Amino acid sequence: MIPEQSSEVDDPNLQWLLQRRKHFDELVGTVEDYAIFMMTRKGLILDWNSGAELLKGYKPEEIVGKVFSIFYSKEEIEAKIPEEELDVAATHGKFATEGWRLRKDGSRFWASVTISAIKSPTGEVAGFLKITRDLTERQESLEALRQSEERFRLLIESVSDYAIFMLDPAGRIVSWNTGAKRIKGYEAEEITGQHFSRFYTAESIADGMPERLLRRAMEKGSSEDEGWRVKKNGDVFWASVLITLVTDDHGQHRGYVKITRDLTERKRTQQLAQASERKDTFLATLAHELRNPLAPMAPGVEVILKAPHDTGRVVQIASMMRRQVGQMSRLIEDLVDVSRMTTGKITLRRTTASLTDVLESAMEAARPFIESKGHRFTLRLPPDLVEIDVDQPRLTQAVTNLLINAAKYTPARGQVELIATCTSGRILEITVRDNGIGIRADRLESIFDMFNQGDAGASEGLGIGLTLVRTIVELHGGNIVARSAGEGAGSEFTLYLPVVVGSVHGVATEPVRPLPLQRCRVLIADDSKTSADTLALFFEAEGFEAAAAYDGQQAVEIASRLKPDLVCLDIGMPVMDGIEAGIEIRKLLPGALIVAITGWGKEEDRKKTREAGFDLHLVKPVEIGKLVDAVRQRALASTRAQPSLDPVAGEKIPAGPDT
Ligand code: ADP
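Note that the structure is a prediction, hence the values are computed from the model and not measured. (Residues numbered from 1 in each chain as written. Predicted model: local features only at pLDDT ≥ 70, side-chain atom pairs only at ≥ 80, totals over all residues. Heavy atoms only, no water.)

1. Some remarks on unusual backbone geometry
Look at Lys-80: it is not a glycine, yet its phi comes out positive at around 60°. Relative to the helices and strands, Lys-80 resides in the loop between α4 (74-78) and α5 (81-92). One non-glycine residue, Val-575, lies in the positive phi region at around 65°. For Val-575, a relative accessible area of 63% corresponds to the exposed category. (Helix = DSSP H or I, 4+ residues; strand = E, 2+ residues; numbered from the N terminus. Buried < 20%, exposed > 50% of the residue type's maximum accessible area, 1.4 Å probe, protein only.)

2. Thoughts on the nonpolar core
Grouped together as the largest cluster of nonpolar side chains are 55 residues, with contacts concentrated most on Ile-388, Leu-403, Leu-418, Leu-428, Ile-430, Phe-493 and Leu-495. Ignoring anything within four residues of it in the chain, the contact list for Leu-418 reads Leu-359, Met-363, Phe-377, Thr-378, Leu-379, Arg-380, Val-399, Leu-403, Ile-430, Thr-431 and Val-432. (Core = buried A, V, L, I, M, F, W, Y, C linked by side-chain atoms within 4.5 Å. Contact = heavy atoms within 4.5 Å.)

3. Some thoughts on helix α13 (residues 311-342)
Three- or four-residue spacings in an α-helix give side chains the same orientation, since the helix completes a turn every 3.6 residues. Under the 1.5 Å per step criterion, the end-to-end length of α13 is 45 Å for 32 residues, consistent within 8% with the ideal 46 Å. Buried residues of α13: Val-315, Ile-317, Ser-319, Met-320, Met-321, Gln-324, Met-328, Leu-331, Asp-337, Val-338 and Met-341, and no others. The first or second residue beyond α13 is Gly-344, which carries a positive phi of 65°. (Expected span 1.5 Å × (residues − 1).)

4. Thoughts on the packing of aromatic side chains
Under the criterion given, the structure shown has 14 aromatic pairs. Their ring planes at 80° and their centres at 4.9 Å tell us that Trp-228 and Trp-238 sit as a pair that is edge-to-face. Of this pair, Trp-228 sits in strand β6 (residues 222-230) while Trp-238 sits in strand β7 (residues 236-247), and the two are ten residues apart along the sequence. Residue Trp-228 is classed as partly exposed on the basis of its relative accessible area, which comes to 31%. The rings of Phe-37, Trp-48, Tyr-58 and Phe-71 are connected pair by pair, giving a single aromatic cluster. Positioned over the ring face of Phe-199 is Lys-184, at 3.9 Å from the centre of the ring. When the ring centre of Trp-238 is taken as reference, the NZ or CZ atom of Lys-267 above it lies at 3.9 Å. (Phe/Tyr/Trp six-rings, centres within 6.5 Å; stacked < 30°, edge-to-face > 60°. Lys NZ or Arg CZ within 6 Å of the ring centre and 35° of its normal.)

5. Looking at the sheet that holds strand β16 (residues 500-501)
The three strands are arranged β9-β11-β16 in an open sheet whose pairing can be described as antiparallel. Sheet topology places β9 (351-354) and β16 at the edges, where each strand pairs with a single neighbour. In this structure, β9 lies alongside strand β11 (residues 387-390), joined through four bridges in antiparallel fashion. Paired with Thr-351 across the bridge in β11 is Val-390. Its contacts with the sheet put helix α14 (residues 355-372) on β9 and β11, and the angle it makes with β9 is roughly 70°. (Pairing = 2+ DSSP bridges. Axes fitted to C-alpha atoms, helices over the stretch in contact; angles between N-to-C directions.)

6. Structural notes on the sheet that holds strand β2 (residues 94-102)
Pairing is antiparallel in the open sheet, where four strands are placed in the order β1-β4-β3-β2. If you trace the sheet from one side to the other, it starts and ends with β1 (34-40) and β2, each paired once. Taken over all neighbouring pairs, the strand axes of this sheet differ in orientation by 25° on average, direction set aside. Packing against the sheet, helix α1 (residues 12-28) makes contact with β1, β3 (108-119) and β4 (125-134), and its axis sits at approximately 165° to β1.

7. Quick look at α5
Along its twelve residues, α5 runs 16 Å from first to last C-alpha, staying within 8% of the 16 Å computed at 1.5 Å per residue. Residues of α5 that are buried include every one of Pro-82, Glu-85, Leu-86, Ala-89 and Ala-90, and no others. Angular distribution of buried residues about the axis of α5 spans 135°; they occupy a single face of the element. Facing away from the buried side of α5 by over 90 degrees, the exposed positions are Thr-91 and His-92. Here the buried face of α5 lies against β1, α4, β2, β3 and β4. Looking one or two residues beyond α5, the residue adopting positive phi is Gly-93, at roughly 90°. (Arc of directions from axis to C-beta.)

This is how it looks when you write it as structure tokens:
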């Protein structure tokens, strides 16, 4: 069996090895599951068991005496792989490998091969024992698994409509597909290993949203969410997110699969549909709101045309028309603002203004709304004079809107507060708080959208106010936050404005001080009924509570009941003249502002009224607008100084040129 010409023929180790063969045959000759044979030191096959015959297809007589490299491919032989394997086995006692091997018929099988060195009693390597096992089946199933995993991986990787990726148990990204790259903008290598919370907005992170979603997936197996997410370039998109818990066969937590879909388009379409619906409602409301003030005007005009000389009527109708025109102008102003807002054309004209001026103008504008519902009003101001760099009319408009809303959305006899504080540095905070109908948590953001109004019936406007307020505040570099503990729990709107100029010393605010908002009461006495009534109507139109008297005695009677803040007395009157009436009224009302309105303007006439305790002596015709302004100014000044509308002694009120 050993070829005659082989150099190994005379090797004593070979002789020793051949003697071992007998034992080999006895032991493994019939084993079928393993191909087992012995080889000489140079790889000549010495024997061949049943397993070898079955596995490799050679009969013993065909293969014994051949070199074992016959089982290797041409390339392996050229690369001297068989010799190398024997060398390793000789040096280390054993060589093991797996790989494709050839059968006699040329077919391949996956072999697990061990070559062990057989040592002679002298310790030399006499030959080798080679054991081969056919693992083709195992290899094929492994390969099938690998291929199926590969297919699955490719499938997931190539999906571009969904971002599909895996997170480890701590929430760090471990895989990344094409969809994830497309939707979020990151390459796999930049994002792998990062925590998935980087896709969330700062508000969501502060709110603990990412951790909450993982916790819910951990507890319930999966968690879903819809919301704004952030791309690599900082853009946001509207995402639908599913996070599923991943566990292995032993129930061990391996991480999470996260599937994200970009629904921005759908969201936009929804938003457009909502916006268009809101616009329809807006137009319907607008038509209604414009018709309301218009309705009484046409019959009013008819009355004037029919009785143009009835001064009392004409004045009455004119003051009604003035109110309605005011209402319509406000609506139209709002509309103009809407178009300015939508085209981004609102610009600011900033100047240095006094915070108090802004707040007082706003209070003045909102006063009729607050008063008409009998609300209690409180104002809190910083103790120092605060100068701000703002567009005064615009900021006044913003605060007015908030005050009017507070009045509108609070049931009668509620509480409205206006609080201004300077927190730190340049930041001015203005808060308008009410104890009215409140706002549901899910609406706290959307109420700022254009034409967005409360539930049907709850709104009393066009749904523009808050959009305008936010625009104005943002143009000033600030922001607005709405807060409410829910329906019925009142609302609070705070403007944060980086507009304070110069240094602000005290940061504490004054204690809450009630500002009397009850209307200023005025009494007008004149024996000309038309004059008295016209003037009373005028004051009423200006928002005062006015009463008329036609002689001195009646004036005193009404004054004792009405307790007016301002008394305008004609001097020449029947029953009791104006001087006498003034003296009586001064006794009744030491704090009232008593003004003589008379045709007599000589110094001696003025002396008489002064001595009778009149504050002012005005000569007809009086510039009533100025008188009204003066009274207003005085009321506000005294409000700031003390919580009452009492006039400040000695203060001069500017009036007509002939005082
Ligand atoms: P409008 O008052 O004309 O409807 P706004 O933009 O001023 O429009 O307000 C939008 C919506 O916000 C209102 O319709 C109302 O539902 C709600 N809202 C505003 N202010 C308040 C408030 N102080 N209390 C309760 N709800 C309010």
